[in-house]
Amino acid sequence: MERVDVVIVGAGPTGLTAARTLTAVGRSVVVLEARDRVGGRTWTDRIDGQMFEIGGQWISPDQTAILDLVDELGLSTFPRHRDGDRVFLAPDGTRTVYSGDAFPVPERRQSEMDRLIGILDDLAARIGAERPWDAEDAKELDSISFHHWLREQSADELACENIGMFVAGGMLTKPDTAFSTLQAVLMAASAGSFSNLVDDHFILDRRVIGGMQQVSELMAADLGDTVVRLNSPVRTIDWSGDPVVVSTDDAQFAGTDVIVAVPPNLYSRITYVPHLPRLQQVFHQHQSMGLVIKVHATYPRPFWRDAGLSGTGFGVGHLVQEVYDNTNHGEEQGTLVGFISDVNADAMWALDEEDRKRTILEAIADFLGPEALDPIVFHLSDFGAEEWTRGAYATSYDLGGLHRWGRYQNDPVGPIRFASSDIAGRGYQHVDGAVRIGRATAETILSSGHRSD
Ligand code: FDA
């Protein structure tokens, strides 16, 4: 059995950042990864020769943890293409080309949306991302769905729909009836404000040249392949004695501490000996993944730019809720990315492949015209079908769960610590949060003074 200071489960950005932090000060670690690759929900792949970001890609200007790490690893970023007009599809299908940031809706509706954004900005500023469960109205906000809360604030149904989509389809990838207002406020606070969340210039600002997965690949290369073990799903964590023993199908590792750096919906895939306390066994069941399909379509040229369009489009209630220019740095061919969330994603996976492709391309063509119907490469992300993720983008609590259990989500159980972007405060659900919580968890272990003999 190999002996290390810290056994890390999962080679996503969280686990690898934790490993990097620990090895930088001489601690020994092993990182056990179930998949045959590192990066987890960041995955830069080639489909029919075309590079796509199948998973996480965008970085906002306040995400300094990932920006600094990108820099440290010698990588560079580039801004998303956004010059030109945008397209708005109203719920009745009316298509409007517009410039500026505000949706082309009647002035009264826009001022109602601004008012709702203002209320949410105030809540995000007051409640914050670190301990939302401590707010005096946490229980109240956690007991009402974001959908119903919005309709308590405003009688303007379309204003509510326009605001709801930024958190529902746009971030948590669940219907807005399925998560609480406190969860929506956490999402906004983790991005700095609700205004930031609805500002695509901010939230979808930059990408890594060559792809986000390189962040994990370069960290793993620095650690070396004796440290990072691929194809090693962790089956059992035996913490009945000291050291704790972590088992894969064919190897055992002993460590003083363990970091479980996997999304919360996968915690219960591991057998704990003894089993986890009642509290964790219960609340781990209340954090579930949303579901979104990330659609990529590549064309010989970014044809939409010829028509003066940026490639950005929003369609409230439309099959593809958002579409953006996702052309890779320095490429001549143009790439669009679109997102199909929750119940719409269910409906698409229920179709056969040909109908699914046609339906989705028609929905993109509604924004950008008939040329969108004929991509040279087309790809749908399918993280819901991946055993070691089981959804996208990330997990959130069901109604009432955040204020009831959030305060315990970062607590260690004996030598076992849990860490992932999904339980990060700042950078929640983002690679930035993964880097922050990976580093913070490693630092907590370092400050505890534990190490193997
Ligand atoms: P992550 O899930 O990445 O890694 C966990 C690792 O643990 C995986 O490699 C998994 O295989 C492994 N594992 C699980 N169980 C195991 C076991 N029992 N034994 C061993 N290994 C195990 N973020 C962002 O900042 N900008 C963006 O644009 C996007 N967009 C986006 C799109 C899509 C489609 C997805 C799915 C996600 C995003 N994200 C994002 C979110 C971002 O990708 C996510 O927050 C981070 O990858 C989370 O990193 P973690 O390391 O916490 O988990």
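Residues numbered from 1 in each chain as written. Predicted model: local features only at pLDDT ≥ 70, side-chain atom pairs only at ≥ 80, totals over all residues. Heavy atoms only, no water.

Here we come to the UniProt feature "binding site: FAD" (unreviewed entry) in the protein. In the numbering used here, UniProt assigns the "binding site: FAD" (unreviewed entry) feature to T14, E33, A34 and V234. Relative to the assigned elements, E33 resides in the loop between β2 (29-32) and β3 (44-47). Along the polypeptide, A34 turns up in the loop between β2 and β3. Take A34: its relative accessible area is 18%, and that puts it in the buried class. Excluding anything up to four places from it in sequence, A34 contacts N231, S232, P233 and W388. (UniProt positions renumbered as here; feature names shortened; annotations may be inferred. Helix = DSSP H or I, 4+ residues; strand = E, 2+ residues; numbered from the N terminus. Buried < 20%, exposed > 50% of the residue type's maximum accessible area, 1.4 Å probe, protein only. Contact = heavy atoms within 4.5 Å.)

Let's shift gears to the domain arrangement of the protein. Annotation of the protein at the domain level lists domain 1 (2-41 + 212-288 + 396-449), domain 2 (77-101 + 292-383) and domain 3 (107-198). Placing the centre of domain 1 and that of domain 2 at their C-alpha centroids yields a distance of 35 Å. (Domains from an automatic or database assignment.)

One pass over the structure, following the stated rule, counts 2 cavities of 30 Å³ or more. Around the second largest cavity sit S60, D62, Q63, S190, A191, I203, R426, G427, Y428, H430 and D432, which together line it. Residues belonging to the lining of the second largest cavity are distributed by class as follows: 3 nonpolar, 5 polar and 3 charged. (1 Å grid on protein atoms, 1.4 Å probe; cavity = no way out; pocket = protein on both sides within 12 Å on 5 of 7 lines; lining within 4 Å. Points joined across faces, edges and corners; volume = space filled by probe spheres on them. Nonpolar A, V, L, I, M, F, W, Y, C, P; charged D, E, K, R; others polar.)

Here we take up the sheet that holds strand β7 (residues 95-98). To summarise the sheet geometry, strands pair through backbone hydrogen bonds and adopt either a parallel or an antiparallel arrangement. Strand order across the open sheet formed by 7 strands is β7-β6-β16-β17-β18-β15-β19, with mixed pairing between neighbours. Looking along the sheet, the strands with just one partner apiece sit at the ends: β7 and β19 (377-380). Averaged over neighbouring strand pairs, the angle between their axes works out to 15° when direction is ignored. Here strand β15 (residues 292-299) pairs with strand β18 (residues 334-341) via 8 bridges, running antiparallel. (Pairing = 2+ DSSP bridges. Axes fitted to C-alpha atoms, helices over the stretch in contact; angles between N-to-C directions.)

Now for the pattern of salt bridges. Inspection of the entire model under this criterion finds 22 salt bridges. The salt bridge partner of E72 is R20, with a shortest N-O separation of 2.8 Å. One end of the pair, E72, is in helix α2 (residues 64-72); the other, R20, is in helix α1 (residues 13-24), and 52 residues separate them in sequence. Looking at E72, the relative accessible area reads 51%, which means it is exposed. (Salt bridge = Lys/Arg side-chain N within 4 Å of Asp/Glu carboxyl O.)

Time to look at helix α10 (residues 213-223). Those residues of α10 not exposed but buried are Q213, Q214, V215, S216, M219, A220 and L223. Following α10 by one or two positions, G224 has its phi on the positive side, about 90°.

This paragraph deals with the nonpolar core. F103, F146, I163, V167, F194 and L197 are the most contacted members of the largest nonpolar core, which has 61 residues in total. Secondary-structure elements contributing two or more residues to this core are α3 (107-127), α4 (138-142), α5 (146-153), α6 (157-172), α7 (181-190), α8 (194-197), β18 and α15 (401-405). For this core, the element with the highest residue contribution is α6, accounting for 9 residues. Grouped together as the second largest cluster of nonpolar side chains are 57 residues, V6, V70, I270 and L276 included. (Core = buried A, V, L, I, M, F, W, Y, C linked by side-chain atoms within 4.5 Å.)

For the structure shown, the criterion picks out 15 aromatic pairs. Plain terms: the ring middles of W43 and F383 are 6.2 Å apart, the flat faces sit at 80° to each other, and that makes the pair edge-to-face. Here the residue W43 occupies a position in the loop between β2 and β3, and F383 occupies one in the loop between β19 and β20 (395-397), the gap between them amounting to 340 residues. Overall, W43 belongs to the partly exposed group, its relative accessible area being 21%. By relative accessible area, which is 5% here, F383 ends up buried. Aromatic side chains F103 and F314 sit 5.3 Å apart centroid to centroid with 45° between the ring planes, which places their arrangement in the tilted category. Separated by 211 residues along the polypeptide, F103 in the loop between β7 and α3 and F314 in strand β16 (residues 309-315) bring together distant segments of the chain. One aromatic cluster is present, formed by W58, F88, F103, F166, F314, Y324, F339 and Y393 through successive ring pairs. Directly above the ring of W58 sits K294, whose terminal nitrogen or CZ lies 5.8 Å from the centroid. (Phe/Tyr/Trp six-rings, centres within 6.5 Å; stacked < 30°, edge-to-face > 60°. Lys NZ or Arg CZ within 6 Å of the ring centre and 35° of its normal.)

A few words on α1. Over its 12 residues, α1 extends 16 Å from the first C-alpha to the last, a length consistent with the 16 Å expected when each residue adds 1.5 Å. Most of α1 sits inside the fold, with 10 of its 12 residues counted as buried. Those residues of α1 not exposed but buried are P13, T14, G15, L16, T17, A18, A19, R20, T21 and L22. (Expected span 1.5 Å × (residues − 1).)

Residue alternation in β2 divides its side chains into two sets, V29 and V31 and V30 and L32, and both sets are buried. Both strand β1 (residues 2-9) and β2 contribute to a ladder of 4 bridges, which runs parallel. Note that in β2 the partner of V6 across the bridge is V29. Taken together, the 2 bridges between β2 and strand β9 (residues 228-229) define a ladder with parallel strand orientation. Bridge pairing links L32 to R229 in β9.

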